[in-house]
Amino acid sequence: MPVWNPWHGCRKLSEGCERCYVYRRDASVGRDASVVRKTKAFGDPMRRLRSGDFALPSGVLFTCMTSDFFIEEADAWRADVWAMIAARKDICFHIITKRIVRASECLPSDWGAGYENVRFGCTVENAK
């Protein structure tokens, strides 16, 4: 399962975050998972190899698996990510979020009926 994490870190949002794997993994290496930061992989979808081919191949790419795509701390970076997603129509970006209520305010201006290469999933755990 190819993964792209343009940013890392998250703020716990609900009871479902209680046993978050990101917090557990970061704690094991002495990192604070609540600090949201841009990663070195941020521009990877547009990075090219010496051959001129894209470094990330076509196909399915799970996006933001060590954060939340719609987390507020990433608002300043999201437009650049949308531009990369729009440019790489050969990749299907799977985005899982707990912050689906923020989706409509975080979509790009050219979203229209959506990008054909984006799939959203929303994790929920209870009626709260």
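Quick caveat: nothing in here was measured; it's all calculated off a predicted structure. (Residues numbered from 1 in each chain as written. Predicted model: local features only at pLDDT ≥ 70, side-chain atom pairs only at ≥ 80, totals over all residues. Heavy atoms only, no water.)

Turning our attention to the overall build of the protein chain. A count of helical and extended segments in the protein chain gives 3 helices and 6 strands. In terms of overall size, the protein chain behaves like a compact globule, its C-alpha atoms giving a radius of gyration of 15 Å where 128 residues would be expected to give roughly 14 Å. Expressed as lengths along the three principal axes of its C-alpha atoms, the size of the protein chain is roughly 45 × 35 × 25 Å. When contacts within the protein chain are restricted to residue pairs at least 6 apart in sequence, long-range pairs at least 24 apart make up 80% of them. Looking at the protein chain as shown, the accessible area adds up to about 7,500 Å², and 55% of this sits on carbon and sulfur atoms. In the protein chain, the 20 positive side-chain charges and the 16 negative ones have mean positions that sit 5 Å from each other. (Helix = DSSP H or I, 4+ residues; strand = E, 2+ residues; numbered from the N terminus. Rg over C-alpha atoms; globule rule 2.2 N^0.38 Å. Contact = heavy atoms within 4.5 Å. Areas by Shrake-Rupley, 256 points an atom, 1.4 Å probe, with all protein chains shown as cover. Lys, Arg positive; Asp, Glu negative; His and termini not counted. Charge placed at Lys NZ, Arg CZ, Asp CG, Glu CD.)

Take a nonpolar patch on the surface next. Among the surface-exposed residues, Ile100, Val101 and Phe120 lie close enough to one another that they form a single nonpolar patch of about 270 Å² accessible area. Mapped onto the elements, Phe120 comes out in strand S6 (residues 118-122). (Patch = residues over 30% accessible without salt bridge, like charges linked within 9 Å, V, L, I, M, F, W, Y side chains within 5 Å. Salt bridge = Lys/Arg side-chain N within 4 Å of Asp/Glu carboxyl O.)

Looking now at the sheet that holds S6. Within the open sheet, the 4 strands sit side by side as S1-S4-S5-S6. Their pairing is parallel. Edge strands, defined here as strands with exactly one partner in the open sheet, are strand S1 (3-4) and S6. Looking at chain direction, S1 and strand S4 (residues 59-63) are connected through 2 bridges and run parallel. Among the inter-strand pairings, Val3 is bridged to a residue of S4, identified as Phe62. (Pairing = 2+ DSSP bridges.)

Attention now goes to the layout of surface pockets. A volume near 350 Å³ is recorded for the largest pocket. Forming the walls of the largest pocket are 20 residues, and the residues nearest its centre are Cys20, Tyr21, Ser67, Lys98 and Thr123. Of all the secondary structure elements, the ones that give two or more residues to the lining of the largest pocket are helix H1 (21-28) and strand S5 (91-97). Counting residues per element, the lining of the largest pocket draws most heavily on H1, which supplies 3 residues. (1 Å grid on protein atoms, 1.4 Å probe; cavity = no way out; pocket = protein on both sides within 12 Å on 5 of 7 lines; lining within 4 Å. Points joined across faces, edges and corners; volume = space filled by probe spheres on them.)

Here the focus is the confidence of the model for the protein chain. Looking at the protein chain, the pLDDT average stands at 93 and 98% of residues meet or exceed 70. Mean pLDDT across the elements of the protein chain ranges from a minimum in H1, with 87, to a maximum in helix H2 (residues 75-87), with 98. (pLDDT = per-residue confidence, 0-100.)

What follows concerns the nonpolar core. Core analysis: the biggest nonpolar cluster contains 26 residues, and Trp7, Phe69, Val81, Trp82, Ile85, Tyr115 and Val118 have the highest contact counts within it. Per element, the largest residue contribution to this core is 6 residues, and it comes from H2. When neighbours within four sequence positions are excluded, Tyr115 is seen to be in contact with Trp82, Ile85, Ala86, Pro108 and Asp110. (Core = buried A, V, L, I, M, F, W, Y, C linked by side-chain atoms within 4.5 Å. Buried < 20%, exposed > 50% of the residue type's maximum accessible area, 1.4 Å probe, protein only.)

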